[in-house]
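Each chain, written out:
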Number of protein chains: 2
Amino acid sequence: MTNQSIELDRVFRALADPARRAMVERLSRGPAPVSELARPLPMSLPSAMQHLAVLEAAGLVRSEKVGRVRTCAIAPEALSQVEQWINARRIEWERRLDRLGDYLQTLDSEGESNGPRD
Amino acid sequence: MTNQSIELDRVFRALADPARRAMVERLSRGPAPVSELARPLPMSLPSAMQHLAVLEAAGLVRSEKVGRVRTCAIAPEALSQVEQWINARRIEWERRLDRLGDYLQTLDSEGESNGPRD
DNA sequence: GTGATACTTAGTCACATGACTAACCAAAGC
DNA sequence: GCTTTGGTTAGTCATGTGACTAAGTATCAC
């Protein structure tokens, strides 16, 4: 279990909740205080704060308190990790499908000439 | 709570586990029977099957049983949903940062000419 | 300095998750 | 046909998650 893997765990898990995704969506459009993030959500403020804590633990959100207001902002680096993982998978299966395509085409050519043409 | 959102929940949640990601990684390289997916994992076969069920419920994996062997394959469509969501967020914050950049440049120009030049 | 505002902490509770063993079913192999 | 193999189901259990209320702290506005 690498550190890499544990971070991915946290990021995927953090995004696996509509309330938390709503917060990320809001923050993608600019920084906001806790109360503004919590207001649209159908839950109490403490519950919303818990979600926020999950996002911060995953590195998706940074926040800073000034006076009595905590302002939150998105931290895009964490998302790029997810993108990289997905891209790696896509590359693997596309390469495989290419090989498969080549193979099928080979079969096809062999069919035309009624045997391999080496 | 849209259907879209519920699907995203399931996909993110499914990927938030190293055992399940390992299965997806394996299947990206080609189809495999249940036992091959389970073998490298540090858990019993029934536990592995449960993980597999989560992946299937999320639409990330399809499987078909022939004889006594169930062969699993990746279903790439589900992953593209995730990609789309992440891209949408990136577009939002990049647009915002562009606007911010423009604004800062405006301030800069105003500084040079010592006032707005309209 | 008193009250409202903006969080924060603590404590509780229901339910979901993820692991296990044991037992079971059905197709192969001999 | 009996055994092995590959998968499945059932039932149990510990832990994690996500919600709440109540109460506390630290600013800010007057």
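Please read all numbers here as calculations on a predicted model, not as lab measurements. (Residues numbered from 1 in each chain as written. Chains lettered and ligands numbered in written order. Predicted model: local features only at pLDDT ≥ 70, side-chain atom pairs only at ≥ 80, totals over all residues. Heavy atoms only, no water.)

Some words on the protein's contact with DNA strand C
In the vicinity of DNA strand C lie 19 residues, with A:S35, A:R68, B:S44, B:S47 and B:H51 positioned nearest. Per the 4 Å cut-off to the protein, sugar and phosphate atoms form 68% of the nearby atoms of DNA strand C. Here A:S35 contributes a side-chain N or O atom positioned 2.5 Å from a phosphate oxygen of DNA strand C. Take B:S47: an N or O atom from its side chain is 2.5 Å from a phosphate oxygen of DNA strand C. (Near = heavy atom within 4 Å. Polar contact = N/O pair within 3.5 Å; in protein donor to acceptor, adjacent residues only side chain to side chain.)

Quick word on the relation of the copies chain A and chain B
The two copies are related by a screw motion: chain A maps onto chain B through a turn of 180° and a shift of 0.0 Å along the axis, at an RMSD of 0.0 Å. On this basis, the relationship between the two copies can be described by a two-fold rotation axis. A shared interface surface links the copies, since 100% of the contact residues of chain A are contact residues in chain B too. (Least-squares fit on C-alpha atoms with pLDDT ≥ 70 in both. Contact = heavy atoms within 4.5 Å.)

As for the protein's contact with DNA strand D
Contacts to DNA strand D come from 20 residues, most closely from A:S47, A:H51, B:S35, B:R68 and B:R70. For DNA strand D, the fraction of protein-proximal atoms (within 4 Å) that sit in sugar or phosphate groups is 69%. Here a phosphate oxygen of DNA strand D sits 2.7 Å away from a polar atom, N or O, in the side chain of A:S44. A distance of 2.4 Å is found between a phosphate oxygen of DNA strand D and a side-chain nitrogen or oxygen belonging to B:R70. Going through the elements one at a time, α4 (45-57) of chain A together with α3 (34-38), α4 (45-57) and β3 (69-74) of chain B are the ones with two or more residues in the surface near DNA strand D. Looking at which element gives the most residues to the surface near DNA strand D, the answer is α4(A), with four residues. Partitioning the surface near DNA strand D into residue classes produces eight nonpolar, six polar and six charged. (Helix = DSSP H or I, 4+ residues; strand = E, 2+ residues; numbered from the N terminus. Nonpolar A, V, L, I, M, F, W, Y, C, P; charged D, E, K, R; others polar.)

Overview of the sheet that holds β3(B)
Residues and elements named next belong to chain B. Strand order in this open sheet of three strands is β1-β3-β2, and the pairing throughout is antiparallel. Either end of the sheet is taken by a strand with one partner, and the two such strands are β1 (32-33) and β2 (61-66). The sheet strands contacting helix α2 (residues 18-28) are β1, β2 and β3, and the helix crosses β3 at an angle near 85°. The sheet contacts of α4 involve β2 and β3, and relative to β2 the element is tilted by about 120°. (Pairing = 2+ DSSP bridges. Axes fitted to C-alpha atoms, helices over the stretch in contact; angles between N-to-C directions.)

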